[in-house]
Amino acid sequence: PNDVFSLLQITLLALSSLLFLLPTSSDSASEPCFFFSKRILMETESAASSTDNAVTNADRPEVAVAASSEQVNFKVVFNKVTHKVTFALDETVGSLKKHIEGLTSVPVPMMKLMYKGLVKDDEKTLRELKVSEGCKMMVVGSTANDVLQMATPVTAAAAASSGQSSTPKKSKFCELKEHKKVLSKGKPDDIMPGVKGRNDPLPPQPLSGMVNKANGKVRLTFKLECDQLWIGTKERTEKVNMSSINSIVSEPIEQYEDYHIMGIQLGPTEASRYWIYWVPAQYSKSIRETVLWQSYR
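### Describing the sheet that holds strand β1 (residues 71-78)
Line of reasoning, step 1. With respect to topology, 4 strands assemble into an open sheet ordered β2-β1-β4-β3, the strand pairing being mixed. One side of each edge strand has no neighbouring strand; the edge strands of this open sheet are β2 (81-88) and β3 (111-114). Strand-to-strand twist across the sheet, computed as the mean angle between neighbouring axes with direction ignored, equals 30 degrees.
Line of reasoning, step 2. Pairing of β1 with strand β4 (residues 136-141) involves 3 bridges; the strand directions are parallel. Within β4, the residue paired with Val77 across the bridge is Met138.

As structure tokens, then:
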């Protein structure tokens, strides 16, 4: 196209030169010819410029493409494995869960995402969730293989044929002498309200108003940013890495079902359980999910 317009410009220049050479009776007669030729040249140059710009932009499609969405880098942890993720801030939590499913093999319907507590709204965007650069999210859930294994119970006949004896019925925590002694002293004066039959997310403030086996006041603080559970007493605060906690057990307190007895296993055996009494029932499940995010089922 450039060659064609160049040839046209040369031709018009030649014509305009001839117009200046034509004999005229006065200067006023030559003026229309001059302005006519100048207008033709200007329009030709404008058309050539537009064509050049069109060709240039065609070769550079990025000029017409809008800037990509703002991205954020963060970590997703599941079963002690850390995955680095880059995702658009304006994408929804539901879209993120589908992406995480490909990383962890945890199906979306069985997945719980922990970020400053349990993320409940799949329609929220990461921007609305205030996901920050370099933050950490935790995934709670079971893979398809885990579900299949749990769905295969050992029958009584199979246990008998393998020589296994049936497991004796365990006593309730409240019936054990070590716990009866603590419970007999009644509720603490500063106990938090308990609600039976409800599962609430953890409150932003520490859980307080509970006691330990020595009947000393206990406060639980969940430091998700450093994966730690702080167990505070009057004497000191024990900072425990959540990954080192093997299990958490809890049962309702008889006649006070809106509160639980909870045992946090800090070592390899049940003997290492740290017992806490008068835990509000509505937070029992959230405590387990938050602390045991890497292996909770």
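### A look at the pattern of salt bridges
Line of reasoning, step 1. Counted by the stated rule, this structure contains 11 salt bridges.
Line of reasoning, step 2. Of the charged contacts in the structure, one is a salt bridge between Glu289 and Lys112, with a shortest N-O distance of 2.6 Å. Residue Glu289 is found in helix α7 (residues 284-291), and its partner Lys112 is found in strand β3; the two are separated by 177 residues along the sequence.
Line of reasoning, step 3. Exposure remark for Glu289: the relative accessible area of 5% places this residue in the buried category.
Line of reasoning, step 4. For Glu178, the salt bridge is made with Lys213, and the minimal N-O distance between the two is 2.4 Å. Here the residue Glu178 occupies a position in helix α6 (residues 177-183), and Lys213 occupies one in the loop between β5 (207-212) and β6 (217-223), the gap between them amounting to 35 residues.

### With respect to the environment of Tyr274
Line of reasoning, step 1. With respect to the secondary-structure elements, Tyr274 resides in strand β11 (residues 273-280).
Line of reasoning, step 2. A relative accessible area of 23% means that Tyr274 is categorised as partly exposed.
Line of reasoning, step 3. Taking the C-alpha atoms as reference points, Tyr274 and Ile248, 26 residues apart in sequence, are found 9.4 Å from one another.
Line of reasoning, step 4. If sequence neighbours within four positions are ignored, Tyr274 has contacts with Asn212, Val218, Ile231, Thr233, Met262, Gly263, Ile264 and Leu266.

Reading guide: rules and limits
- Residues numbered from 1 in each chain as written.
- Predicted model: local features only at pLDDT ≥ 70, side-chain atom pairs only at ≥ 80, totals over all residues.
- Heavy atoms only, no water.
- Pairing = 2+ DSSP bridges.
- Helix = DSSP H or I, 4+ residues; strand = E, 2+ residues; numbered from the N terminus.
- Axes fitted to C-alpha atoms, helices over the stretch in contact; angles between N-to-C directions.
- Salt bridge = Lys/Arg side-chain N within 4 Å of Asp/Glu carboxyl O.
- Buried < 20%, exposed > 50% of the residue type's maximum accessible area, 1.4 Å probe, protein only.
- Contact = heavy atoms within 4.5 Å.

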